[in-house]
Every structure is written in structure tokens, then in C-alpha cells.
Protein chains: 2
Amino acid sequence: MNKHFQIILFAFLLSFSVQAQEALFRPQNIISPEIHADNSVTFRLFAPNAKEVQVTGDFLPSVKMDTPMGQMDGPGKATLTKDDKGVWSLKTQSLNPELYNYSFIIDGFSTTDPSNPFLIRDVASATNIFIIGGGHADLFKTNDIPHGSVTRRWYESPGLGMDRRITIYTPPGYEKSSESYPVLYLLHGAGGDEEAWINLGRTAQIMDNLIAQGKAKPMIVVKPNGNVIQDAAPGEGNQNFYKPQFMIPKTMDGTYEGAFGDIIKFIESNYRVKANKANRAIAGLSMGGFHTLHISRYHPNTFDYMGLFSAAIMPREDATGKVYSNFDQTLKAQMDNGYKLYWIAIGKTDFLYKANQEYLEKLKGKNMPHEYLESEGGHIWRNWRVYLTQFAPRLFQ
Amino acid sequence: MNKHFQIILFAFLLSFSVQAQEALFRPQNIISPEIHADNSVTFRLFAPNAKEVQVTGDFLPSVKMDTPMGQMDGPGKATLTKDDKGVWSLKTQSLNPELYNYSFIIDGFSTTDPSNPFLIRDVASATNIFIIGGGHADLFKTNDIPHGSVTRRWYESPGLGMDRRITIYTPPGYEKSSESYPVLYLLHGAGGDEEAWINLGRTAQIMDNLIAQGKAKPMIVVKPNGNVIQDAAPGEGNQNFYKPQFMIPKTMDGTYEGAFGDIIKFIESNYRVKANKANRAIAGLSMGGFHTLHISRYHPNTFDYMGLFSAAIMPREDATGKVYSNFDQTLKAQMDNGYKLYWIAIGKTDFLYKANQEYLEKLKGKNMPHEYLESEGGHIWRNWRVYLTQFAPRLFQ
């Protein structure tokens, strides 16, 4: 490299951005998190003026928190140690394979790790993530295998009177093939949107890996936005940037379920799909499990595969709206029409555990065929990613 | 809403995520940044234990920094004031329409705004953003107009011996049309990747808006990854998560330019495009301007439109590699073959200003037709977004 070239590159380093400039003059080029060969992890933070630095995240054992709802699981915390250069650090024990999230707490202030640019937004918060590979966590990684495509596009929803954004995974080879594919409609929870499954859920990585391993059929995975007052995820729609709220009006009042036909129609008229019941699956987490329950019942001869992941079971037998009415009759119609799989999964400490047990009793009372998976843990993305790795291989076989 | 439903929703709020739980128990539901009707902005941060809180960002006047390269522009800072509840705040004056970025500095520690989940990664740092609407900044917003699609997919690059990720914008109506479209190849700078133009550059919003206003022709915009040792952006490729470096080996040694034909071939055999010189444009910022210069010269009868945005002009007349050799002859060949537009733009305080002036002199000496735009400001994304809004309308007319 000649001298002139070196100077130019150095100048790049200085002026490319505010951040690059700051980075250059920092006393430490911090690596955090550093994942060691034995799967222990070192977190580091340069904060010479801080009095206390803690890390909190789901790699730590959870602790009990008192809330108005009673005791619930909360995230554990661990305290970092400062060296003479002002760098705080903490080395964990070996961690199990998993995708973890974490934040730092600096003198009581919860914030992101400035050395880790990999963040995922969950409702209104951005949190750092890292992956400990091995086992099922290798399904969350990008591996050197054929990759599907992920498209964000907009479709017309006459039922909701607007154009809406949708995220669509097509499997490796879709573009060059003349084949038709089955479709999984994959629904997010409250506070989520059409970005949730692809970002928090690692859907593209999971599907690429399962398909490459021959464990799942090549399929299209459609991730719509389930908040009927939004045209798109916060920051991506006509409202542009605003602070997302957890409770979004009209997401569980039947409007979405009633207009879901717009999405099926859009997919089936714009993609090479097998447009029949045997090649349609629908699944969702939490509120998306609620939507799955009601959409599949309201359209009782449309889907052969249903997945309720930590579903917000609210039969709403008192509700009088069109979608929620005739609950028992439509559930019976769905059963009588037949299907291949009605799959329910929930964690033992999920706050919806009891509601799911009641729903299981209801299904048993009706002799309605179903499968049930009970996992450890609560109402968390860690479970929903794993449920997807278990549910997808069951589809379209 | 019935009582049961309320309880379930409240439980959701509590347990949906670590962040949601924390948010619920915070004493303040902070809104930051809050953009007022007069385009002033209030920043807020809840940090009762902090001794000093500052905000830094490109909405503040820049300040001179001493560096080993001499004085350069650095970001300004302003100090927030604490109220009796521990909330720090600062209200700015009215700001001009623009997309701005900012960070907080808490007792010397630079960090993101926990109340603003909208972040953009630039090299290894994530920075908060906000938009003051009006004027050209409305082109950066999502408006209620037809939207194009953005696809992340993988293509085979025999020239680099790997599958590589690429980001492709197709204009509104592409999927349902039978038309063929022109193509703009849009290249990132050093430290960037195939995510840079779509995220930092707001390409999808700019193109949607220009097309809806009739100011730009509907076109496909292709955003490849210009780092030949990467298969994809950090976090999206086979290396998975790691701390991105600014200086990436082999990005400016001719390898990329030599293999660029793989990208053109992929696009022209997979999209409905007008595969001729009159319908090909290439542009890039900084290192991408360098790539544009050399790719368009090395393939001297391929593109009718060239855009060099704050280009890293390094003629490298001393270089002997295949791509950089015969500089003058190939530039003359490009001129003699003819083209519609050779567009050069740079800011007055850009550290590459002098190199660009020398290149302009060289073009004048060769009577090589070109247009030159000189803007305020330096080597910053603010300029590159604006250059795209000025360059795209000139294409394929």
C-alpha cells in the first residue's frame, strides 16, 4: 500500500462519521461480548467514571419480582469489575447454546452495549444480542448453505382500507424454479409487527437451515402485520418514527381475523403457491396464537396445520362480534372438516399456562385432535424460536 | 373491554419481555425526541444518578477538532438540565428539515437514547435518528403513496467464489407489470455493506417519493456488498455476529471491480430489465465513488450514467493491477464510447475535496464531459442522501 493510499484511508477513518472519529480516540478498542472457545462470555464496557456497572439478560438465571399480578420472573443481574484503565468486565461460566439478549446498567441507567452493534427492537426497546452456537442454536446462525430471500413489500387490503406492509420469506431456489410451494402464515404477538418473526424470531435462518438439512419442506413463510391500525412496523409506515406502544387498539377485536382473507388472496395471486388446504399452515405466538385460533376457526376449512405458541387463549365466549360468535359451533366445524395438525406449545412458567390448560381441557371434551408440547420457561422469544424449529418440520409432509 | 380481557392484557404488559417489565416500573414514560410543531426538538433522558448529560449529533453546529491530520469537523455537544424527578432535558431551536442522528453522553459515556428504538448501524456503531419533515426531508419519509419492494437475496459470484447477499429495490408495480426497467447500481463506502444505502441512505423512501412525484423514472436499484471478503453485511453472513471494522481488506485492490460483471449478469438474468447501456447507471459514495470510477472505466461501454458522490478519487496511476492499469487509455475509451451523464458531487469541507478538484482538472484536460455539484458540508450521509435525490431524477430520461 503506498503512502498516498495510507493517508487517504487514515483520513477516512477520521472523518467517515462521528462515531468513527470517536472510536479512534477512545483509549480502548473494546470487544464485547467476547465468546470464548468453552462458550463462556466476557462482557466489557469502558466507563471510567461509573460507580457500578451491571449486566442483565436472559443468559443469567431469572429472579422473582413482585408485581401487582403477584410474583413473576424477572431478569437476573451480575456486577462487572473495573480495571485500572476504566474498563469494566465480567466473564460468565460456559453458557448453553442459545440466542441471548442483554443490556448494561450503569449507575442504575439501563443502556445498550456500545461495542455491539447487533440490536433487536422489541416493542419500544432495542436490546443487544449474541449467539452461543451448537445444538439447536446453530439453526439461528447464517450457515454456508443455500439461502432464501426476504422481501418487504406492500399489499392492498380492501378489508382494512389501506395498503399494508408484509414480510415474505421465499425458500432457496424459488425464483428460478417453476414449482409451486406450500405457505406458512406466521403471526406475531402484541407489540410486534411484520418485522418481529424475521428479526427476533430468526425465521430466515431457521428455515434455511431446516430446509438444507432436509428437515422441513421448502415453503413460503408469510409474516403479516397484525395491528390493524398500523400500515407497517413503527418507523416503516406512514406514521414514520414514533414511540411504539405495547397495547395497540383493535388488535384483538375481530377486525384482523375478519380481514385475513385479503392476505391469503394477495399471496395466492402473487406467488407460485399450492392454493389449497393441504398446503396452508397458520401459526402465531401469544396474540398471534389467539389470531391463529380464531382465524382457523372462522375460516374452518382453510388450513391443515395450526400452531398455537404460548397462545393468548381468550375464548371470549361472551363476545358477540361476528368473528368471536358461535365459538363452539365453528370449532366443531373446523374439527369435522378435518386437519392434519393442531399443535399447542407453552412454557411451564408462562402466565398463560393456566388458560392453555383450560383450552386443552375444552379440546379434550370435544374430542378435538391436537398435540401438546410443554417446555420450560415463560412467555419469551427463546421459546418461540424453538417452537418454530419444532413446528416447521411437521408441515406439508 | 371485559374484566378478564383487561387482566390478560395487563399480564401481557408485565411479562411480555424484560424491557416491557422495566418500562412499566419506570417512574417516567419518557418521550424522546419530541418534535414540536415549530420543528424544535426536546431530548429527554431519565438518569437521576448522572452528574452530567450531554447530547451530541449532526443537528448541532460542528466544532473544530484537532487530529493528527490537522483540524477537522467534529460533532457539537449541548448539555441537558435535570429536573427534580431525575429527568434531563434540552429543547433545541427550530431545526431545518433533515434526517439527523444523535447520541447521549452520560458522565462521559457515549450511548443511545433508550426512549428511541430507531437506530441505524454505521460501521460498528448504532446511532439514534429522527426526521424533521419539510422540503427535501419529506423525501426521506414513508408517505401514503405506492411503495416499491425491498428484497434481500443471495446470488452466485463465480468471480469471488462464493454466494453473496444483495439488496434490491424494485419500483411500485414491478411484480404485476410486464414492463422491463432500467437499473441503477448504487455502491456503499468503506465500512458499509449491502444494508448501508437502504438504511442510512433511505433509498426506498427516496425512490418511492421521487417516482410518485413523477420526478424519477421507475427503476430497479441494486445495492451490492463491495467488501470482497464478506459474503454479507456483518450479522447477516456466514461470520454471523462480530465487531465490524472500518478498514476491510481487499475492498480497493481491483478485485471487486473485476468481478462486478457477476452482479450485472445476475440482475439481467433474474429481473425484467432493459439490458443495455442506455438503461444502466452506476453511482457510489466515497469508496463506492472510487468503485464507480473504476468499474465504469474498466467496462468502458456499459453505463450511460455515472455518479461519483464524495468519491475517493485515487487514480492510482502507479498501480499495475489489471483493473487500475491503462487508466488514461480506458478513461479515453469511456469518453469516446459516449455516455449521457458523468456526475460528480462533493461538499466544500470534505477531506476529499482537493482530490476531487484534481480529478475535475484531469477531466477538463481530456475534454471529458461531466457535471459538477458542490455542496456545503463534508463527508457525511446527509450529503449522500441529498445527492441521490438530485442524481436519480437525471437518469433514463
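Residues numbered from 1 in each chain as written. Chains lettered and ligands numbered in written order. Predicted model: local features only at pLDDT ≥ 70, side-chain atom pairs only at ≥ 80, totals over all residues. Heavy atoms only, no water.

The name an unreviewed UniProt entry gives chain A is Esterase, with Algoriphagus aquatilis as the organism.

A. Expanded view of the overall build of chain A. For chain A, the helix and strand inventory stands at 10 helices and 20 strands. Compactness check: chain A gives a C-alpha radius of gyration of 23 Å against a globular reference of 21 Å for 397 residues, within 12% of the reference. Across the 397 residues that make up chain A, the buried fraction comes to 61%. For chain A, contacts bridging at least 24 residues in sequence account for 73% of all contacts bridging at least 6. Side-chain charges in chain A split into 40 positive and 40 negative, and the spacing between the mean points of these groups amounts to 3 Å. (Helix = DSSP H or I, 4+ residues; strand = E, 2+ residues; numbered from the N terminus. Rg over C-alpha atoms; globule rule 2.2 N^0.38 Å. Buried < 20%, exposed > 50% of the residue type's maximum accessible area, 1.4 Å probe, protein only. Contact = heavy atoms within 4.5 Å. Lys, Arg positive; Asp, Glu negative; His and termini not counted. Charge placed at Lys NZ, Arg CZ, Asp CG, Glu CD.)

B. Spotlight on the packing of aromatic side chains. A full pass over the atoms with the stated rule returns 54 aromatic pairs over all chains. Their ring planes at 65 degrees and their centres at 5.8 Å tell us that A:Tyr102 and A:Phe130 sit as a pair that is edge-to-face. You can see A:Tyr102 sitting in strand β9 (residues 98-106) and its partner A:Phe130 sitting in strand β12 (residues 125-132), a full 28 residues away along the chain. Aromatic pair A:Trp343 and A:Phe391: ring centres 5.5 Å apart, planes at 45 degrees, arrangement tilted. Taken as a pair, A:Trp343 in strand β19 (residues 341-347) and A:Phe391 in helix α10 (residues 381-391) lie far apart in primary sequence, 48 residues in all. The pair formed by A:Trp343 and A:Phe391 is uniform in burial state, with each residue classed as buried. The rings of A:Trp197, A:Phe309, A:Trp343, A:Trp381, A:Trp384, A:Tyr387 and A:Phe391 are connected pair by pair, giving a single aromatic cluster. We note A:Arg272 situated over the ring of A:Tyr174; from NZ or CZ to the ring centre the distance is 4.4 Å. Just above the ring of B:Phe140 sits the side chain of B:Arg385; from NZ or CZ to the centre is 5.7 Å. (Phe/Tyr/Trp six-rings, centres within 6.5 Å; stacked < 30°, edge-to-face > 60°. Lys NZ or Arg CZ within 6 Å of the ring centre and 35° of its normal.)

C. Here's a closer look at the domain arrangement of chain A. Residue and element names in this part refer to chain A. Partitioning chain A into domains gives domain 1 (31-133) and domain 2 (145-394). Using only C-alpha atoms to locate each centre, domain 1 and domain 2 end up separated by 31 Å. Tallying the contact residues gives 13 residues for domain 1 and 16 residues for domain 2. Counting the surface lost from both domain 1 and domain 2, the interface buries some 1,100 Å², and carbon and sulfur atoms represent 58% of this. (Domains from an automatic or database assignment. Buried area = accessible area lost by both parts, 1.4 Å probe.)

D. Structural context of helix α4 (residues 203-212) of chain B. All names here are of chain B. Of all 10 residues in α4, 9 are buried, a share of seventy percent or more. Listing the buried residues of α4 in full gives Thr-203, Ala-204, Gln-205, Ile-206, Met-207, Asp-208, Asn-209, Leu-210 and Ile-211. Looking one or two residues past α4, Gly-214 carries a phi angle of roughly 75 degrees, positive in sign.

E. Here's a closer look at a positive patch on the surface. Together, A:Lys51, A:Lys82, B:Lys51 and B:Lys82 make up a region of like positive charge exposed at the surface. Looking at the element boundaries, A:Lys82 is found in strand β7 (residues 81-82). (Patch = residues over 30% accessible without salt bridge, like charges linked within 9 Å, V, L, I, M, F, W, Y side chains within 5 Å. Areas by Shrake-Rupley, 256 points an atom, 1.4 Å probe, with all protein chains shown as cover. Salt bridge = Lys/Arg side-chain N within 4 Å of Asp/Glu carboxyl O.)

F. A look at the sheet that holds strand β1 (residues 34-35) of chain A. All names here are of chain A. Read from one edge of the open sheet, 4 strands run β1-β2-β8-β7, paired in antiparallel fashion. The two strands at the open ends of the sheet, each matched to only one other strand, are β1 and β7. Strand direction decides the pairing type here: β1 and strand β2 (residues 41-46), joined by 2 bridges, are antiparallel. Looking at β2, one finds that Glu-34 is bridged to Thr-42. (Pairing = 2+ DSSP bridges.)

G. How the structure looks around the confidence of the model for chain A. Residue and element names in this part refer to chain A. Confidence along chain A averages 90 in pLDDT terms, with 90% of residues attaining 70 or more. A low-confidence stretch, residues 13-27 stays under pLDDT 50, and its non-local contacts, those more than four residues away or across chains, total 37 contacts. Overall fold confidence (pTM) sits at 0.93, and the ipTM for the predicted complex is 0.92. (pLDDT = per-residue confidence, 0-100.)

H. How the structure looks around the packing of helix α4 (residues 203-212) of chain A against α10(A). Residues and elements named next belong to chain A. Packing of α4 against α10 brings their axes to within 10 Å, and their N-to-C directions diverge by 30 degrees. It follows that α4 is roughly parallel to α10 by the angle criterion. Judged by the twist between their axes, the crossing of α4 over α10 is right-handed. Residues Thr-203, Ile-206 and Leu-210 of α4 touch α10, and the partners they reach there are Arg-385, Leu-388 and Thr-389. Partitioning the contact of α4 with α10 into residue classes produces 3 nonpolar, 2 polar and 1 charged. (Axes fitted to C-alpha atoms, helices over the stretch in contact; angles between N-to-C directions. Parallel < 35°, antiparallel > 145°, perpendicular 65-115°, else oblique. Left-handed = near helix turned anticlockwise from the far one by under 90°. Nonpolar A, V, L, I, M, F, W, Y, C, P; charged D, E, K, R; others polar.)

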